[in-house]
Amino acid sequence: MDISPERSLSENGGYDRSNEAHADDVNIQSLVEWLNHALPHLNMPLDASEEELRAYLIDGTVLCSILNKFCPGLVEMRGSSEPGPENIRKFLAAMDEMALPRFVLADIQEGYMEPVLQCLVTLKTHIEFNGGKESIREHLRRRWNLPKEFSEGIDNSQVDTMTYGENSSIYGEVRQRDSFDNKYGSASAALAHDGLHKLSEMFQQNQGPYTDISESNILELMKSNGLDNASTRTLFSLVNRILEESIERRNGHVHHMAHIVKKVVQVIEQRVSTLAVNLKDQNNLYKVRLGKCQSRIKVLETLAAGTTEEIQIEKTKIEEKKKLEEQELLRTKQEKIHSDIENSTLKHELETAKKTHEEHCLLLQVQAEETEVELEKKLKELECFLAESKKRVKELESFSKSKSQRWKSKEGYYRSFIDYQSRALQELRAAADSVKHEILKAKRSYTEEFNFLGRIDCVKLKGLADAAANYHSVLAENRRLYNEVQDLKGNIRVYCRIRPFLPGQSKKRTAVEYIGENGELIISNPSKQGKDSSRLFKLNKVFGPAATQEEVFLDTQPLIRSVLDGYNVCIFAYGQTGSGKTYTMSGPNMTSQEDWGVNYRALHDLFQISQNRKSSISYEVGVQMVEIYNEQVRDLLSSDGPHRRYP
Ligand SMILES: Nc1ncnc2c1ncn2[C@@H]1O[C@H](COP(=O)(O)OP(=O)(O)OP(=O)(O)O)[C@@H](O)[C@H]1O
């Protein structure tokens, strides 16, 4: 026989999990204290955990020992091959016999300690409530209707057999009694009174419908305590048989039978009252538990109420948050849609810009390539030009070197000449001063002599004539020196005048590359390459495009003036057609003195000087005008007509 490991024992006095107290409700410390007190050798730590307590209880020894402590010899623990489960089974059987709630074997084996602890608490409460160890035996005795001797002391061998009863129920009295009768028949026989034993034998022998219960036997049964120890079933069957027999026999033993029935009823009443006491005990126990549970429920309700308010507040907050988040979500969604639209617009614009940019890039690339080719060309040209320029620079350098040497030599020559001239000038000045002095002197003397003219006219006139002669000689000397200077400057002078671009002409097409201050002129010739592409000219002076008519004239004026001293001067303009010969020599507009060319200016100057010198010198001026064309000279002023040739 084995104890069922079912967890739900509500029907047979075990725990119903729906109603069980939580393990936390069980004060382990008080249990440990109780166990230590009952079994001092245990010496369990007071702060033992559930698991530690389980370790103490798992082999069942402590459980059986605690029962034996309060009811010595109640559980036999000897000779077991598997002490753990066997001892626990014995303990559980004893709990069943006491009709106390218990746990199942699997609970303690699997570490589910709540029922175990609750079972121990119940046992503890039961023992304390019923007044210690004697009550267990008394309880057993009352429960099983054992004789009083049972509670006063019992043979261990007899109790041993009791622990192997079937699962019993505190409420299944009749079934338990039968079980008890069946399993512990020998124990009850040993314990029952002789009368009961005889009665039993009588019932076993007389199986027929007519059981012969003699009066002497009944009297004997009534005198003994046999009825007290008989099972309820036996009692009922006895009553049945008596009633059946009395009906059948209809004899005058009714009085005895009634007495027996009365006795049986008393026994049954006694048992019912015992059961009522047990139920009351249990009821009290459950009431205590119920009270505890209710107080805990109240505490929990209070806590739950507080928690509910907090939860409500939290819930409101969460709902508000949720609303805000939903609004935020909506706004974010709208923003997302807006940004999506913007994105697509921007994307479109970007693509358009990208296309435009790519086209522009392509165009630029083409242009860049063209420009690159052009630049390369130009670069090559520039390189060539640079090389040429370098060459020219070298040439110019060598030229300028030779020039500078020449100029240096000329400078030395001019310096010596200027020294000579300055000396001559000083002499001339001194001579002029002396002449002046002489003139003044002569003037004075002339004045004086004029005063005495009348007296000595001839002498004075002679002196005056001498002075005039001196004056002319000085003037002649002056002219000589002046013309010498002109000679030193060079008898043949070559000037170059560069005509500005006429309206409508491109200024880029100039061939003039360089105009030097000392008469250098570089003319380029793009049609030619290399050395011949440009040419250097050296002239007395180069007039640029901005040079005025006056500037051009001033350089030739001294030479022209030397005409008045008897020198021949020739000025001719040379150049291709349209280069500005007429402009330079005659001028564009004769009415404006500013525009006068060299001819007008020269004649004007000569006539002015001759006018100034009129008092002393009279000049005769003649003009000839000839044209040389195709090696033919033509007198333009000839009265003979256009065909006249000169000479
Ligand atoms: N220095 C200058 N400043 C402004 N214009 C000028 C200058 N030189 C020449 N010109 C202008 O250039 C044009 C040609 O000049 P001009 O008639 O003097 O050339 P040319 O050498 O006499 O020509 P051709 O041999 O055919 O007679 C004229 O219109 C003239 O006004």
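None of the values given here were measured: they were computed from a predicted structure.

## Let's talk about the overall build of the protein chain
What the protein chain contains, in helices and strands, is 20 helices and 7 strands. Counting across all 647 residues of the protein chain, residues that qualify as buried make up 16%. Within the protein chain, counting contacts between residues at least 6 apart in sequence, those at least 24 apart form 58% of the total.

## With respect to the sheet that holds strand β4 (residues 534-538)
Here 3 strands make up an open sheet; going across it, the order is β2-β3-β4 and the pairing antiparallel. One side of each edge strand has no neighbouring strand; the edge strands of this open sheet are β2 (512-515) and β4. Between one strand and the next, the sheet's axes are offset by a mean angle of 15°, whatever the strand orientation. Where strand β3 (residues 520-524) meets β4, 5 bridges bridge the pair, whose relative direction is antiparallel. Each residue of the ladder has a partner; that of Leu521, found in β4, is Phe537.

## Things to note about the pairing of β3
In terms of strand pairing, β2 meets β3 through 3 bridges, oriented antiparallel. By the bridge assignment, Ile515 is partnered in β3 with Leu521. Taking the residues that link successive antiparallel strands as the turn, the β2-β3 hairpin has 4 residues, and the phi of Gly519 there is positive, at about 95°.

## Focus: the site of the ligand
As a matter of local geometry, the ligand sits amid Arg499, Pro500, Gly575, Thr577, Gly578, Ser579, Gly580, Lys581, Thr582, Tyr583 and Pro588. Classifying every residue of the shell around the ligand gives 3 nonpolar, 6 polar and 2 charged.

## Topic: the pairing of strand β7 (residues 632-635)
When strand β6 (residues 626-629) meets β7, the two strands line up antiparallel, connected through 4 bridges. Within β7, the position partnered with Ile628 by the bridge is Val633. Between β6 and β7, which follow one another and run antiparallel, lie 2 residues, and Asn630 among them has a positive phi close to 50°.

Definitions and limits used
- Residues numbered from 1 in each chain as written.
- Predicted model: local features only at pLDDT ≥ 70, side-chain atom pairs only at ≥ 80, totals over all residues.
- Helix = DSSP H or I, 4+ residues; strand = E, 2+ residues; numbered from the N terminus.
- Buried ≥ 20, exposed ≤ 12 C-beta atoms within 10 Å, placed from the backbone.
- Contact = placed C-beta atoms within 7 Å.
- Pairing = 2+ DSSP bridges.
- Axes fitted to C-alpha atoms, helices over the stretch in contact; angles between N-to-C directions.
- Near = placed C-beta within 6 Å.
- Nonpolar A, V, L, I, M, F, W, Y, C, P; charged D, E, K, R; others polar.

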